[in-house]
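Observations on chain architecture
For reference, the chains in residue letters:
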Number of protein chains: 2
Amino acid sequence: MRFTNAFVQSGVCGPSRMSYYTGRYASTHGSSWNFVPLPLSERTLGDHLAAHGRPVHLIGKSHVTADAAGLAVRGIDPQSGAGRRAAAGGFQVVARHEDTPAHRRHYNAWLRERGYGGEDPWATHAAAAEGPGGETLPGWQMRHAHLPARVRAEHSETAYVSDLAVEFIRSAEQPWVLHLSYIKPHWPYMAPAPFHSMFRPDRSTLLPRSTDPDEHPVIAAYRQLDECRSFGREDVARHVRPAYMGLVAEIDRQLGRVLAALGESGQAAETLIIFSSDHGDFLGDRGLGEKELFYDEIQKVPLIVVDPDPLADAARGTVSDSLVEAVDVATTLVAALGLPVPEEWLEGRSLLPLLRRTEHSPRECVFSELDYSMREVRNFLGLPPLHPCRAWMARTAEWKYVHWQGFRPQLFDLQSDPREQRDLHGSAAHGAVRARMRERLFDWLATLKRRASADVALIERLGHGPPPGIHIGHW
Amino acid sequence: MRFTNAFVQSGVCGPSRMSYYTGRYASTHGSSWNFVPLPLSERTLGDHLAAHGRPVHLIGKSHVTADAAGLAVRGIDPQSGAGRRAAAGGFQVVARHEDTPAHRRHYNAWLRERGYGGEDPWATHAAAAEGPGGETLPGWQMRHAHLPARVRAEHSETAYVSDLAVEFIRSAEQPWVLHLSYIKPHWPYMAPAPFHSMFRPDRSTLLPRSTDPDEHPVIAAYRQLDECRSFGREDVARHVRPAYMGLVAEIDRQLGRVLAALGESGQAAETLIIFSSDHGDFLGDRGLGEKELFYDEIQKVPLIVVDPDPLADAARGTVSDSLVEAVDVATTLVAALGLPVPEEWLEGRSLLPLLRRTEHSPRECVFSELDYSMREVRNFLGLPPLHPCRAWMARTAEWKYVHWQGFRPQLFDLQSDPREQRDLHGSAAHGAVRARMRERLFDWLATLKRRASADVALIERLGHGPPPGIHIGHW
C-alpha cells in the first residue's frame, strides 16, 4: 500500500528519526534537533523489541547522539555494556554509517580495500569529482553537482550499505528485524555514473516563491542561510536537481538488489517492508534550500508498506490518502510482530487496520515541529541560545496552521491553495479557522505522553484505591 | 522573608516534590503522581550540586520512586552504584523515612531501641492510640484523631527526624546542604501528647461548599472518594482538625530544636534556610478532604527564606506578596551557592533578587497540574487507564483558570471572590479573560524545557553554523 499523505514529525534528520525510532513526537522524546542527545530514559523500537528477545539490527545511518552527559550524571561508564547500548539507540549495530568522520570509518576502510587511497576516501572519492587535471573537486561545492562521483557505482555509499544488507539477508538464520538506513539522497549532492547524468536540468518544475510582500520573519531569516542564498538562484537549483534525482534513481536500483536477495533467499513472502524517509528537500522550491520549514515538500514523505499477511491481500497494491505519521511506524511494527503495544510510550497508531481493512479511527490532523535554536537563524533574529525558538504545525486535509513561538502564525487553505502560496495569517475571514487549529495544537501539547514511566498495570491498580496498608479518609 | 503567594507545581506529594527537586514542572519531569518513577534522564538538585562536589544530604521523606523498569531497559543493575544513586533521586541519603513499610524500617528499629515492641511499632504506637482496655486504636480511623499517639512526644516521627538533623548539624565538618524533610502534618492524623489536645474543635473556620448547583464533573467525582465523604461531614472535620493543628505545633517545636542546634554550633549566621511544604490539606474546607484540586488551600504553601548574606539585610524580616513557585527553590539554591545555574534544565527563577532587592522580573502567573489517572476518580468517570486525565491551573494575582482535558474549564475572579466560590466558566462577560488565560497555558506548555539534553555550549556553537567538516549550500 502506498500512502500519499504520510508526514514526518520534524523536517530535519535527527528529530524525525528519533520520532520514527521512539514512536514519540519530538516534544516528548526531547531530541529536538540534530546533535541533541536522545535522553537516557527514552526507549526506541530497538529497546521495546529487545524486551521480547527480538533485536532490531542497524545497517547504515541512525543519527542517534549518545547522551554522554546523562551517562556521566548517572555514573555509567560509556564503554560499559549499558553505556554502549544507550549510545546505539537500542539498536544491535551491524554496521553504522553516518555523515561524520567517526561514523564513516568502516566505509572508508571498505573503499581502501577496493583501491581508493587517501586518508578519507569518502571525501576525496565518493563525495568528490575529478577535475580535468586530475584534481579533487569536492562535492560540498554544488557547482560540481553535474559531474560523476569519483567512485564506481558499485562502490558508492548507497551500494556499500546495500551490499551489507544483501549479506545480512543471505546469512540470516533466525527471524530478524532490520533498520536499513541510507544517507543518500542528501548533501553532498553528487551521484556516481551513470546516475549523475540521467536527468536534464531544464525538465524540473520549480515551485515559485510566494509573491506575498510580507514574508514571515522566521522564513525571511532562513533565506539568509547559505543554502537558501544558493538555491534562491534558479540556475543553481536546475544545476543540482539532476544529481539529487540521480541519487534517487540509484537508491531505486540498489533497493532492487536488496529485494531480489530477499526473494532469492525465500524470505520475501514473510517479510514486512516499510519504505520511508526522514524529510524532503526544497532544492530551490520557493527559492529555498535544504529543509526544516513546514511546507509539504519537506513534511510529506514517501511511505510504502508491504504487509505479507494474507489479511492484507484485499487492499494490496492500493493507494491510501489517509493522514498518517512517522510515529505510526513503531506501533505498526510492534503490532505486526504480535507483541503487546506499550501504549504508555508510543504516540503513533498502527497502520495494520488500514492495510488489512479492519476498523480504523482515522487521524484528522498530523503534527510536526521545529527547533531552530541551533541554526544561524536564531542569531539572524537576535535571539539568545535558550530563547524558545520553536514552531509547531497542525495539518488537516483542509488546513495547515503553524504556530511560531513569539511570532505571528501561518495559515494555508490546502484545498484552494495546495501549493501554500497565500498565507492567511491576517485574513479576517479565517479567525475561526485559526482558533480551531490552535485548539488542536493545545490539545496535542497537553496530551503528549510524558508520563511514560508509569506502566498501565500500575495505573490500573492504583485506580482502584491506595496501595495495601494505606487507608485514607476512613472514619 | 516570608512569601504569602508561594505555589506548588502539583497539589500532591510526589509530583510536587519532584518539582522542588528537579526545579522543573511535572509535565517536564514526567513524574506526574505518587509512585510514578522519576525518569532516569531527570536531574535533581542533588545531581546538579554533586557535579560541583557538593552532595545534598537527605534526612526524612523524599517520595522518589526508583525507575526500576528504566534501569532494566538500560541494563543497569539496581544494586550497583549507578542503580542505587538513581533510586535515591540524586541525594546522599543520611536516613530516609517515608510512609511505606520499607522506608520506615529505620524508624521502627529506633522505636524498638526505645522500648516500643511489635513488628511495626510505627503502626501500633506512633500512628495509633490506646483504647480503654489497652487495645490498639489505629490512627487510620479518623474517629481516634482526638486521642494522643501511643508514643511520647520525643519519640514521634517528627522528633526522630529532628534528632537526626540535630546530630547531622552538630557533627558537620564541611559546608553542607541538607534536605530535612518531615512527613507530618499528614495522615494518619494523630499527634502525641500534649499536641493532640492543644486546639479546640469549635474554633476552626471551615470554608463553605460553593452553592453553585452545577458543580464541575471532575470535582463532583472527587466527592465520591472516602476522604471527601468523611470530610464532607462537618463533625468529622471539626474532630480531625485539632490533631492536624497539633502536628503543626509539633513541627514548630521540633524545628526550634534544629535551629537551636544550628545556633549552638555557630553555623546559623552562614546557613541559608528555606522552609516550605509540598501541598496543603482541605480538612473539610468546601466539604472536601485531602488535596490535589486547584483551590488556594492546596496550592498555596508556606515559604520562608532566611538568606544569611548581608545583601539581604535591607529586606530581612519583610513579607513579599510576589508570585513565586516551588520550582524557584532549586534555582535559588544553585545561585546562592555561587554555582552556574543549569538554565537548560531549571524552569524556576532565583529568589535572590527578591531577597536582596536587586533587579527582578516578577512572575505574572504561576502554574500547577494534576494527573488523576491513578485515582478512583478516573473509574468513577468511566475513563480507561491511558485516558488523558489531566488538568492545569494558570493563576495570576487576579484570575485562576483551570483547564480540565476533556471537560469544561473553571475560572475564578480572585479579586472579588478570593474564596473561589463562583466558577465563572459559563459567564459570557468573561470570555476574553478565559481566552487570555488559556493562551498563557498554551505558551507555558509550548515552552517547557523538554530539550534539556543539549547544553548551552552546544546550542551556542551550532548557532554559528554547521560543525567542522560540513559545508552546506556552498556554490
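Description of the structure in this document.

Thresholds applied
- Residues numbered from 1 in each chain as written.
- Chains lettered and ligands numbered in written order.
- Predicted model: local features only at pLDDT ≥ 70, side-chain atom pairs only at ≥ 80, totals over all residues.
- Heavy atoms only, no water.
- Pairing = 2+ DSSP bridges.
- Helix = DSSP H or I, 4+ residues; strand = E, 2+ residues; numbered from the N terminus.
- Axes fitted to C-alpha atoms, helices over the stretch in contact; angles between N-to-C directions.
- Least-squares fit on C-alpha atoms with pLDDT ≥ 70 in both.
- Salt bridge = Lys/Arg side-chain N within 4 Å of Asp/Glu carboxyl O.
- Buried < 20%, exposed > 50% of the residue type's maximum accessible area, 1.4 Å probe, protein only.
- Polar contact = N/O pair within 3.5 Å; in protein donor to acceptor, adjacent residues only side chain to side chain.
- Contact = heavy atoms within 4.5 Å.
- Buried area = accessible area lost by both parts, 1.4 Å probe.

All names here are of chain A. Read across the open sheet, the three strands follow the order S3-S2-S6; overall the sheet is parallel. What marks the edges here is a single partner per strand, and that holds for strand S3 (92-96) and strand S6 (177-181). Neighbour-to-neighbour, the strand axes of the sheet open up by a mean angle of 15°, direction not taken into account. As judged from the five bridges shared by strand S2 (residues 56-60) and S6, these two strands associate in the parallel manner. Looking across to S6, one finds that Val-56 is bridged to Val-177.

The subject of this paragraph is the relation of the copies chain B and chain A. Screw-axis analysis of chain B against chain A gives a translation of 0.0 Å along the axis, an RMSD of 0.0 Å, and a rotation angle of 180°. The relationship between the two copies is best expressed as a two-fold rotation axis. Among all C-alpha atoms of chain B, that of B:Ser41 lies closest to the rotation axis, at 2.6 Å.

Let us now look at the pattern of salt bridges. Counted by the stated rule, this structure contains 70 salt bridges over all chains. Measuring nitrogen to oxygen at the nearest pair gives 2.7 Å for the salt bridge that ties A:Arg438 to B:Glu439. Residue A:Arg438 is located in helix H16 (residues 431-446), and its partner B:Glu439 is located in helix H16 (residues 431-446); the two belong to separate chains. Looking at A:Arg438, the relative accessible area reads 16%, which means it is buried. Here B:Glu439 falls in the partly exposed class, since its relative accessible area comes to 31%. Overlapping salt bridges bring together A:Asp296, A:Arg395, A:Lys400 and A:Glu420 as one network.

Further remarks concern the side chain of A:Asp285. All names here are of chain A. With respect to the helices and strands, the residue Asp-285 is situated in the loop between strand S7 (273-276) and helix H12 (296-299). On the basis of relative accessibility, which here comes to 10%, the residue Asp-285 falls in the buried class. There is a polar contact of 2.9 Å between the side chain of Asp-285 and the side chain of Arg-241. When neighbours within four sequence positions are excluded, Asp-285 is seen to be in contact with Thr-205, Leu-206, Leu-207, Arg-241 and Glu-297.

A few words on the interface of chain B and chain A. With 81 residues of chain B in contact, the opposing surface of chain A contributes 81 residues. Sorting the residues of chain B by area buried against chain A places B:Arg74, B:Arg451 and B:Trp475 first, and these three jointly supply 13% of that buried surface. Linking chain B to chain A there are six salt bridges. Between B:Asp371 and A:Arg451 there is a salt bridge, with the nearest N and O atoms lying 2.8 Å from each other. Counting across the interface, chain B meets chain A through 33 residue pairs in polar contact (both at pLDDT 80 or more). Every element with two or more residues in the side of chain B that touches chain A is listed here: helix H4 (68-73), helix H5 (81-87), helix H10 (226-231), helix H11 (234-264), helix H15 (376-380), strand S12 (390-395), H16 and helix H17 (456-462) of chain B. Of all the elements, H16(B) adds the most residues to the side of chain B that touches chain A, at seven residues.

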